[in-house]
Amino acid sequence: MRKSKSVLAILLIVIGVVIFYGVRYASSPVEVMSARMMQYEETVSGEAYFVWNERVYQAPSAGTAYHSTDEGARVGKNRIISSVYQGEVSEQILQELANINKKIEKLHSRQQSMSLYVDEYTAENRLENLRREIIKTVRSGNVSEIAEYKEEIKSVISGEGNISVAEEIEALKRDKYLAEQKIGQTKTDIYSDCSGVYSKNVDGLESQLQVERLSEYTTADFYALPVVNKEPAKTVVSSGDAVCKVIDNHIWYAMMLVERDKLDHVRDRKTVQVRFERVPGVEVTAKILRIWEDDSDSNALVILQCEQYADGIFSLRQSGVELILEQYQGFSVPISAIRVNDDTKEKGVQVKRGASEIFKPCEIVYTNKENETLIIQPAKGAKRVLESYDQIILGERWEDAKEKEEPKPTEQAKEEGTS
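Residues numbered from 1 in each chain as written. Predicted model: local features only at pLDDT ≥ 70, side-chain atom pairs only at ≥ 80, totals over all residues. Heavy atoms only, no water.

Student: Give me the overall build of the chain: which residues, what numbers.
Tutor: Tallying secondary structure elements over the chain gives eight helices and 20 strands in all. Taking all 419 residues of the chain together, the buried fraction comes to 37%. Taking all contacts inside the chain whose residues are at least 6 apart in sequence as the whole, residues at least 24 apart take part in 76%. Accessible area for the chain stands at about 25,300 Å²; split by element, carbon and sulfur atoms hold 50% of it. (Helix = DSSP H or I, 4+ residues; strand = E, 2+ residues; numbered from the N terminus. Buried < 20%, exposed > 50% of the residue type's maximum accessible area, 1.4 Å probe, protein only. Contact = heavy atoms within 4.5 Å. Areas by Shrake-Rupley, 256 points an atom, 1.4 Å probe, with all protein chains shown as cover.)

Student: Describe empty space enclosed by the protein, listing the residues and the values that go with them.
Tutor: All told, the structure shown has one cavity of 30 Å³ or more when counted by the stated rule. Each pocket or cavity is described by its volume, and for the largest cavity that value is around 40 Å³. Looking at the lining of the largest cavity, the elements with two or more residues in it are strand E11 (252-259), strand E12 (271-276), strand E13 (283-293) and strand E14 (299-306). Within the lining of the largest cavity, the residues separate by chemical class into nine nonpolar, one polar and no charged. (1 Å grid on protein atoms, 1.4 Å probe; cavity = no way out; pocket = protein on both sides within 12 Å on 5 of 7 lines; lining within 4 Å. Points joined across faces, edges and corners; volume = space filled by probe spheres on them. Nonpolar A, V, L, I, M, F, W, Y, C, P; charged D, E, K, R; others polar.)

Student: Residue-level account of the pattern of salt bridges, with values.
Tutor: All told, the structure shown has 17 salt bridges when counted by the stated rule. Across the pair Arg317 and Asp203 runs a salt bridge whose closest N-O atoms are separated by 2.9 Å. Placement of Arg317 in the loop between E14 and strand E15 (318-334) and of Asp203 in the loop between strand E8 (196-199) and helix H6 (219-224) is noted, with a sequence separation of 114 residues between them. A salt bridge links Glu206 to Lys245, with the nearest nitrogen and oxygen atoms 2.8 Å apart. Of the two residues, Glu206 sits in the loop between E8 and H6 while Lys245 sits in strand E10 (residues 242-247), which places them 39 residues apart along the sequence. Using a relative accessible area of 13% as the deciding quantity, one classes Glu206 as buried. Since its relative accessible area comes to 1%, Lys245 is described here as buried. (Salt bridge = Lys/Arg side-chain N within 4 Å of Asp/Glu carboxyl O.)

Student: Please provide a residue-by-residue account of the sheet that holds strand E3 (residues 54-58), values included.
Tutor: In space, the four strands of this open sheet follow the order E3-E10-E8-E5, with antiparallel pairing throughout. A single partner strand is all that each edge strand has here, and the edge strands are E3 and strand E5 (74-75). Across three bridges, the pairing between E8 and E10 is antiparallel. If you follow Tyr198 over to E10, its bridge partner there is Val246. (Pairing = 2+ DSSP bridges.)

Student: Would you mind going over the layout of surface pockets in detail, with residue names and values included?
Tutor: Of the volumes computed, that of the largest pocket is approximately 660 Å³. Residue lining of the largest pocket: 24 residues in total, with His67, Thr69, Asp70, Ala98 and Lys200 positioned closest to the centre. Of all the elements in the fold, those that place two or more residues in the lining of the largest pocket are strand E4 (63-67) and helix H2 (91-114). Ranked by residues supplied to the lining of the largest pocket, first place goes to H2 with seven residues. The class makeup of the residues in the lining of the largest pocket is seven nonpolar, seven polar and ten charged.

Student: Break down the sheet that holds strand E7 (residues 187-191) for me, with residues and values.
Tutor: Ordered in space as E7-E6-E4-E9, the four strands form an open sheet in which the pairing is antiparallel. Since the sheet does not close on itself, it has two edges, and those belong to E7 and strand E9 (236-237), each with one partner. Across four bridges, E4 lies against strand E6 (residues 80-85) in antiparallel orientation. Looking at the pairing, His67 lines up with Ser82 of E6.

Now the structure itself:
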């Protein structure tokens, strides 16, 4: 009997405490927000033209141009990059040639890769090589090639495809010879005399945008440049027409137009991170080579130099560019959420945990004075770490804030009230 009475007494005490704190927080509610991790960037945007050391190749005679090299492919010196057939050649035969060349290039790449593993003397070895190639293809994201590998595996297993890669290449070369015989026209090959990235997008600005003149360009020169619209490469050419070009990809430049009132964020920097509107996913580090400005112009010219290879850039001439000046990662909170611990003097936030509050120390990594917001991170070595979806208390309790807003009576008012 005594035991049941003591249990009942404890239960009543617990209920009383819960009711007390429930009434207390109900009468004095708090405004909270969920902590969410975010990344904030300070950026400057503008339009830009790309400037390269580039070598343009002309048609040796009138006829039909055939591009044997893929757009954006890296080429070496003294390699056939394009050809010109005298007379007119049908698109169907040119496409047939292009398909054969692609298959030959793919087999050459596979042959080099397979040489790292085992020789293809047996069907078992060939299947092992194909298995490795499929794994490598999946990792690289080129899943479209897997169907071809599956067909090849079927042919090896059935005994129909027991020929080596070298034999396949020779067979394709014979097919290429027969396709060229169908054309029946004299062909002149164009050889590269330098290494770099191949492009058939000859836009006519090769003579206007030159690396040697980067120290001279002004905003007036930028305004005078035309908007470049990417057009299909010409197939029918006259003697002397520009057919293709090879671009030096080791060092390249961007000539960018920036609003002058944003230059303060750029002037003192030696390097910046750069992104390109027309090449999603590419981000490189560039050196600020030169800034040109004139008091009479609201824009300035910023010349960037880059020594990183950027896939897709060399097929363009113009793009929107974004300079990333700063990057901050953390939790975004209003300034009113920051508290100072009375004992340790640490800055942090109060987090609602049930009917109580917990102080979690934080470091302020970025302050946006215009929006009165901060980006904070958990303080190093803190035992209580701010985590995603913690309920951060904003500002003060409404009741406390109201008391602070109400003016306290002065001493004179107190005396007048008692008289």
